Every structure is written in structure tokens, then in C-alpha cells.
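# Close look at the chain arrangement
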Amino acid sequence: FIQSYKCCIFIFMKMILRIFLFLLFAIVLIALFNYKTIDKLWHTIHLFDEDVIVENFQTMDEYYDAKEMVKSSKPLLYPKVENQSFQTSVSFGKESYNFDTFLEETRTEGILIIRRDTIIYEAYFNGLEQDETHISWSMSKSLIATLLGIAHDRGLFQLEDEVTDYLPQFIGTGYDKVKIKNILQMSSGVAFDEDYGAFNSDINRFGRAFALGTSFEDFSKSLKNERPQGTYCKYVSIDTQVLGILLAKITGQSITEFCQKEYWSKVGSEYNAQWNIDNTGVELALGGLNASLRDFSKLGLLYLHDGKLNGTQLVSTEWITAATTPDAPHLMAGNHSLSNHPHGYGFQWWIPNNNPEAFYATGIYNQFTYVVPSKDLVITKLSANHTFKDERLSSIGLHLDMFKKIADSF
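Residues numbered from 1 in each chain as written. Predicted model: local features only at pLDDT ≥ 70, side-chain atom pairs only at ≥ 80, totals over all residues. Heavy atoms only, no water.

On to the overall build of the protein chain. Scanning the protein chain for helices and strands turns up 14 helices and 15 strands. A globule of 410 residues ought to have a C-alpha radius of gyration of about 22 Å, and the protein chain, at 24 Å, matches this closely. Evaluated residue by residue, the protein chain yields a buried proportion of 54% over its 410 residues. Pairs at least 24 apart in sequence give 68% of the contacts found in the protein chain among residues at least 6 apart. Accessible surface for the protein chain amounts to roughly 18,100 Å². Of this, 56% is attributable to carbon and sulfur atoms. Where the 36 positive side-chain charges of the protein chain centre and where its 49 negative ones centre are 4 Å apart. (Helix = DSSP H or I, 4+ residues; strand = E, 2+ residues; numbered from the N terminus. Rg over C-alpha atoms; globule rule 2.2 N^0.38 Å. Buried < 20%, exposed > 50% of the residue type's maximum accessible area, 1.4 Å probe, protein only. Contact = heavy atoms within 4.5 Å. Areas by Shrake-Rupley, 256 points an atom, 1.4 Å probe, with all protein chains shown as cover. Lys, Arg positive; Asp, Glu negative; His and termini not counted. Charge placed at Lys NZ, Arg CZ, Asp CG, Glu CD.)

Here's what the structure looks like:
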């Protein structure tokens, strides 16, 4: 009996071992065939970790698929003088920041200040070089709006058109019958949680879905409406993704192709750039442009000069004015019940609540292109500030206060 029992135990253990080895082999096989997906997901989950955020922001085109844009054959090169000394300081919360401590505390990687078409301050930190690209995050939104402005100037759509007139695949989604103008003004009425600090927020779900292979369009079509369009300004990044899909449809070109032909080659870009794309080759319109600090500044300069740069009128003065002018109560700056933020909003451009003369493009973790036409001034800043959501620092407000102080010094 004992001998028989031992034999059964041996056979059972041998079967368990075989099952274990089979499962282990299957897991290894799956991992080998899906290594890129697993690596992308892991990288996405840890994208903003303090110890890797700087490297990640400077190498997004290496970790994620991207399309290349080629620099202009006629680059716009502004004269440069010795870096001006800024004695400005701001008090924010319980702290006081001078210009240098501001740059350090907000984990600056590059800052460029241009006044009267002359570079008066340019500096790089944390490994970023003049010719290297850096992720824009939501500064891309302001460029997408500009590209739509070029399309609008050519009569390819009207602001009061419904987006589903052009994109019927969005019928029955949160974007059904939503006017293009309301999407441009972040007033689509679509429900969306933009909290980067919450693991299960919509924006973080979007990032993980992208890493796992879900197309940007499929995710966009999953969203629902939560309020009437054109009544409340709520920041919804997917609004810009839908605008990017619209741009490709009405122009018959990808975002990269249209941007290369109608903007990047004409604006005087000094270096190549990349758009991150999904598995279907569609660009991350809401934040996927990787470019140099100098070339990001060209967008602000274009708006400073009423749509004309490098000898070419790229977009109409009328579009520039409309894009930077809030035109309804829910778009006005200030703390009120018609918006979920205190700043004014135009066509994917912000108007700071502390300086109505200025407007700016911005991206998470403190990317900025800040324009003050009355001072003939553009400030562009790239950062990898992992503390940007820290209420102690409230770094967006700190930046706007510092930028205003710099502008007021002229």
C-alpha cells in the first residue's frame, strides 16, 4: 500500500511539474511576442516618476512610435545677445522665488525669452541641448488649433458646423452634433476626468489604453456627454484628439503631412521634430509633438506677429484674434460657476487670470509658450517638474506670476 501511495504521489508531482513548466513556457512565449506592448505599458505607468521623468520627456520619440517632420530649408534665426539679468522675484504661498530659484524649483530643462525679435535669454538644464527635442504635452493643442485655422482660412469647414458632419463615426458618442467651435473652446459637454494624479482617471486610462494598442479614435468614441455643449468650459484633452481626427479628414492628409507642408517647413523651424502615433499611425494630437525649445517658440512668435512669420502669412489675423479672445461668459477668466478653471480660454489658447494682455499655450509638468503682444515678448519654457500638482507650490500659478513680473520689467 505504501509503495502504491508513493507511486501516486510521484506521478501527481510529475504532472504538477509539467503543468508548471508548460505555464512558464507559455508566459515566456507571450512575453517575448508582446515585449514591446508590455514595455510600453510599464513605461507609461512610470512615465512621470521622479527618477526618470527628465530622461523620459527628452526621449518620447524613442519609447513610442513617431512620425518625423523635417526642418525648414529656410530656418528663422533670431539675433542673440548676452543673457539679460532678471532681478524679478515673486512671493507664492509662504515662499519667495527669484528668477534662478524659480528655474531650479520648477525643474526647468530649457527657457528662451525673445523680445523684439531678439533672443535676450536662453539656457538649458538637466541634459537638454539646443538641438534636442522634448515632449510638448498640451502645447500641441495650440498648434492643432493653428493648423485648423489654416484649414478654416481655405474654407474647408465653418466654426458652426457639427463635427459629425465630417466624422459620422462619432454619431451616437459624446461628440454627436457638437459644433466644431465648442470643441475648440473646450466646451463640448463631454464627460472626462483629467486628473493625472488619480490612477483610474480618464486621462490615465487613455494612456494605458494607448500603450496596450487601443487606437486614439476608438477611445475617443467611448466618451459620453454630461451637459449641454457651449455652456461650460471644462478641459477635456480628448476634445483636441477629435479635432486632430477632423483635421486629417478635411485636409485628406495626416497631421504630420499637413503640419510639415503648411507649417513646419514655412515657420522657419531649425530642427526636425516628431509626432507620437498610435498603432494605426494616427498622431497624438492632444500632446504628442516633440520639438526643440527654439522651434516651440516659433508658435508664440507666429501669434505675436498676427499669423505672419518668416516672410509668410501662415494663418489669418482674424483667426489669431479669435483664437486668443474669449467670446462667451463661460470662457472668461475668473472664478465662476461656468468653468472648472480660473483662466480664460480661446481656441486651445489660455488667457491668464492675472494678465489679460497675455495668452499662452501650456502642457503638464510646466511646458509653456507665453505671449505678451504689448511687450513684444515671447517666453518659452520646457520642464520636467514632477511636483507640478503640489498644492504647496501650485506651479502653474507660480509660472504665470513670474512671467508677468518679467513682462512688467520692460
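A word on the pattern of salt bridges. Scanning all chains against the criterion turns up 16 salt bridges. E217 is the salt-bridge partner of K221, the closest N and O atoms lying 3.9 Å from each other. Taken together, the residues span about one helical turn, with K221 and E217 both in helix 9 (residues 216-221) at a distance of four residues. One salt bridge in this structure joins E270 and R294, with 3.3 Å as the shortest N-O distance. Here E270 is found in the loop between helix 11 (255-264) and strand 7 (273-276), whereas its partner R294 is found in helix 12 (residues 293-304), with 24 residues between them in sequence. Overlapping salt bridges, with partners in common, bring together K80, E122, E270, R294, D295 and K298 in one network. (Salt bridge = Lys/Arg side-chain N within 4 Å of Asp/Glu carboxyl O.)

Time to look at the nonpolar core. Of all hydrophobic cores here, the largest spans 89 residues; its most connected members are L147, Y175, I238 and Y263. At eight residues, the largest contribution of residues to this core is made by helix 6 (residues 139-153). Aside from chain neighbours lying at most four places away, what touches Y263 is L143, L147, F258, K298, L299, L302 and L314. Judged by nonpolar contacts, the second largest core, of 32 residues, contains L331, W350, V372 and F403. (Core = buried A, V, L, I, M, F, W, Y, C linked by side-chain atoms within 4.5 Å.)

A cluster of nonpolar side chains, M15, I16 and I19, forms an exposed patch at the surface whose accessible area comes to about 260 Å². Tracing the chain through its elements places I19 in helix 1 (residues 2-33). Relative accessible area serves as the criterion here: at 42%, I19 is assigned to the partly exposed category. (Patch = residues over 30% accessible without salt bridge, like charges linked within 9 Å, V, L, I, M, F, W, Y side chains within 5 Å.)

Here the focus is the sheet that holds strand 6 (residues 134-135). Pairing is antiparallel across the open sheet formed by four strands, whose spatial order is 1-7-8-6. Two strands lie at the open edges of the sheet, namely strand 1 (66-69) and strand 6, each paired on one side alone. The pairing of strand 7 with strand 8 (residues 289-291) spans two bridges and is classified as antiparallel. Bridge assignment links W275 to a residue of strand 8, and that residue is L289. Most of the contacts of helix 11 go to strand 1, to which it runs at about 20°, and overall it touches strand 1, strand 7 and strand 8. (Pairing = 2+ DSSP bridges. Axes fitted to C-alpha atoms, helices over the stretch in contact; angles between N-to-C directions.)

Now for empty space enclosed by the protein. Across all of its chains, the model carries three cavities of 30 Å³ or more by this definition. By volume, the largest cavity is sized at about 90 Å³. Lining the largest cavity, in full, are M139, S140, L143, Y263, W264, L289, A291, D295, F296, L299, A361 and T369. Breaking the lining of the largest cavity down by element, the ones donating at least two residues are helix 6, helix 11, strand 8 and helix 12. Its residues assigned to classes, the lining of the largest cavity shows nine nonpolar, two polar and one charged. (1 Å grid on protein atoms, 1.4 Å probe; cavity = no way out; pocket = protein on both sides within 12 Å on 5 of 7 lines; lining within 4 Å. Points joined across faces, edges and corners; volume = space filled by probe spheres on them. Nonpolar A, V, L, I, M, F, W, Y, C, P; charged D, E, K, R; others polar.)

A few words on unusual backbone geometry. The phi dihedral of M186 is positive, around 50°, even though this residue is not glycine. Here M186 shows up in the loop between helix 7 (180-184) and helix 8 (202-211). According to the relative accessible area criterion, M186 is buried, its value standing at 1%. Residues other than glycine seldom take positive phi values, yet D306 does so here, at roughly 55°. For D306, the location among the structural elements is in the loop between helix 12 and strand 9 (308-309). The class of D306 is partly exposed, set by a relative accessible area of 40%.

Empty space within the second largest pocket amounts to approximately 460 Å³. Lining the second largest pocket are 24 residues, and of these T44, L47, F48, N204 and G207 sit closest to its centre. Contributing elements (two or more residues each) for the lining of the second largest pocket: helix 2 (35-45) and helix 8. Considering every element that reaches the lining of the second largest pocket, the biggest residue donor is helix 8, with six residues. Broken down by class, the residue content of the lining of the second largest pocket amounts to 14 nonpolar, seven polar and three charged.

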